[in-house]
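Spelled out from the first residue to the last, the chains are:
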Amino acid sequence: MSRKIVLITGTNSGFGWLTVHSVAALGHKVYATMRDTEGKNADKAQALSALENVTVLDVTLTDDKSVEQAVETIIAKEDSIDVLINNAGFSMNGVAESFTISDVQGMFDVNVFAPWRFMKQVLPAMRKQEDGLIINVTSGFGRVSFPFATVYAASKFGLEGLSEGLHYEVKRLGVDVAILEPGAFPTEMSQKTTYASDQSVFEGYGAIAEIPNKMVAALGELIQTHKTNPQDVADAIVKLITTEKGKRPLRTVVDPITGEYIDAANQAVAEQFAKGLIKFGMGELLD
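Since the structure is predicted, the reported quantities are computational estimates derived from the model, not experimental observations. (Residues numbered from 1 in each chain as written. Predicted model: local features only at pLDDT ≥ 70, side-chain atom pairs only at ≥ 80, totals over all residues. Heavy atoms only, no water.)

Student: Describe the overall build of the protein chain, and please don't skip the residues or the numbers.
Tutor: Counting secondary structure elements, the protein chain contains nine helices and seven strands. In terms of overall dimensions, the protein chain is globule-like: its C-alpha atoms have a radius of gyration of 19 Å, near the 19 Å expected for 287 residues. Oriented by its inertia axes, the alpha-carbon framework of the protein chain measures out at about 60 × 55 × 35 Å. Here the protein chain holds 287 residues, and 46% of them are scored as buried. Long-range pairs, those at least 24 residues apart, make up 73% of the contacts in the protein chain with a sequence separation of at least 6. Computed over 26 positive and 36 negative side-chain charges, the separation of the two mean positions in the protein chain equals 5 Å. (Helix = DSSP H or I, 4+ residues; strand = E, 2+ residues; numbered from the N terminus. Rg over C-alpha atoms; globule rule 2.2 N^0.38 Å. Buried < 20%, exposed > 50% of the residue type's maximum accessible area, 1.4 Å probe, protein only. Contact = heavy atoms within 4.5 Å. Lys, Arg positive; Asp, Glu negative; His and termini not counted. Charge placed at Lys NZ, Arg CZ, Asp CG, Glu CD.)

Student: Provide a residue-level description of the side chain of His28, including the pertinent values.
Tutor: As for its placement among the helices and strands, His28 is situated in the loop between helix 1 (14–25) and strand 2 (29–34). At 3.0 Å, the side chain of His28 forms a polar contact with the backbone nitrogen of Lys4. (Polar contact = N/O pair within 3.5 Å; in protein donor to acceptor, adjacent residues only side chain to side chain.)

Student: Which residues make up the layout of surface pockets, and what values do they have?
Tutor: Volume-wise, the second largest pocket comes out at about 200 Å³. As for the second largest pocket, its lining consists of 15 residues, and the residues nearest its centre are Leu250, Arg251, Asn266, Gln267 and Ala270. Going through the elements one at a time, helix 5 (150–170), strand 7 (251–254) and helix 9 (259–279) are the ones with two or more residues in the lining of the second largest pocket. Per-element tally for the lining of the second largest pocket: the top contributor is helix 9, with seven residues. Partitioning the lining of the second largest pocket into residue classes produces eight nonpolar, three polar and four charged. (1 Å grid on protein atoms, 1.4 Å probe; cavity = no way out; pocket = protein on both sides within 12 Å on 5 of 7 lines; lining within 4 Å. Points joined across faces, edges and corners; volume = space filled by probe spheres on them. Nonpolar A, V, L, I, M, F, W, Y, C, P; charged D, E, K, R; others polar.)

Student: Which residues make up the nonpolar core, and what are the values?
Tutor: With 28 residues, the main nonpolar core has Val30, Val54, Ile85, Ile135, Leu180, Ile237 and Ile241 as its most contacted residues. Of the residues forming this core, the biggest block, six residues, is contributed by helix 8 (residues 231–242). With residues near it in sequence (within four places) discarded, Ile237 still touches Thr19, Ile85, Ile135, Val137 and Leu180. Listed in part, the 25 residues of the second largest apolar core include Ile74, Ile81, Leu84 and Phe118. (Core = buried A, V, L, I, M, F, W, Y, C linked by side-chain atoms within 4.5 Å.)

Student: So what's going on with the pattern of salt bridges? Which residues, and what values?
Tutor: Counted under the stated rule, the structure contains eight salt bridges. Between Glu160 and Arg251 there is a salt bridge, with its nearest N and O atoms 2.9 Å apart. Placement of Glu160 in helix 5 and of Arg251 in strand 7 is noted, with a sequence separation of 91 residues between them. When sorted by exposure, Glu160 lands in the same class as Arg251, which is buried. One salt bridge connects Arg251 with Glu181, and the closest N-O pair in it is separated by 3.4 Å. Taken together, the residues Arg251 in strand 7 and Glu181 in strand 6 (residues 175–182) connect sequence positions 70 residues apart. Its relative accessible area of 1% is what places Glu181 among the buried residues. A single salt-bridge network, built from bridges that share partners, covers Glu160, Glu164, Glu181 and Arg251. (Salt bridge = Lys/Arg side-chain N within 4 Å of Asp/Glu carboxyl O.)

The following block contains the structure:
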C-alpha cells in the first residue's frame, strides 16, 4: 500500500493515541492533533513526536481558524491529506433535563461541529485528487439513544447523519466516508464520567435520578467481564485504511458487549435505506 498522509484528532489518549501508533507503524505519515501541547498535554505531545512518521499539531477543534490553519499547514507540506480520522469526542451523562443549553452546545461543538470543520477543510483537496478517506468515530449510541446518555447520543446521531448522507454524495468522486461505532472500552473518556450541570431537577425525579450512577457502575463491570481492549478500535481503523477504495463498509461496529444488536439494527436499516434511495430516484448512488 502506498504511503498515506493521515490526520487524526483527539490523539492525547484512548483510541486516538493507539491509532497514531498503529498507523505510523505501517509507514504512513501521521499528523496528530491535540490541545495544549505546551501545557497539560506536553508529555503526550513529546511522546508522540518522538515516534517515526508522526508530527503533532496543537489544534483547538472548536475554533474555525485553528482547524483551517492545521489543514493548510499539512497540505502545504505534503500536497494532500489522504485520510481524515475524526476521533476526538466528549461524553456527559445524566438525566436529560439536567443538561443546560451550554452543556448541549459544548457536546455538539466537539462531537458534531468540530468533525464538520475538518471535513469541510479536507474535502476540496480530496475531491481534486479524486481520492480520500474520512473515518468518523461515533458510537453504538449513535444508532440508539439510551436513557441518561440522551444528549451524548443526540450528538453522535448528528455525526452519523452527516456521515451517512455525505458517504453517498462523494463516493463517486473518489472519496470514501466510513462510520466507526465503538462500544464501551476502558479509555480515559469512559473512566472520567462527567454529569450535566443543572442538578436542581434531580429532586423531581426521585429514585430515577440515581440510575445514571448505577449505569456507570454496571458499564464498568461489563468492561471488566468482557475485558474489552481499545486496541481493537485502532485495528478496525487500520483495516478501513487498508481496504480497497469503494469497498469499505459504511458502518463498522467494534463492540463485544452490545455490538450484536447494533449490527442487527444497522443491517435492518441498510436494507430499507436502499429501497428509499431507489424510490427517490437515487438508486445509482448505491453502486
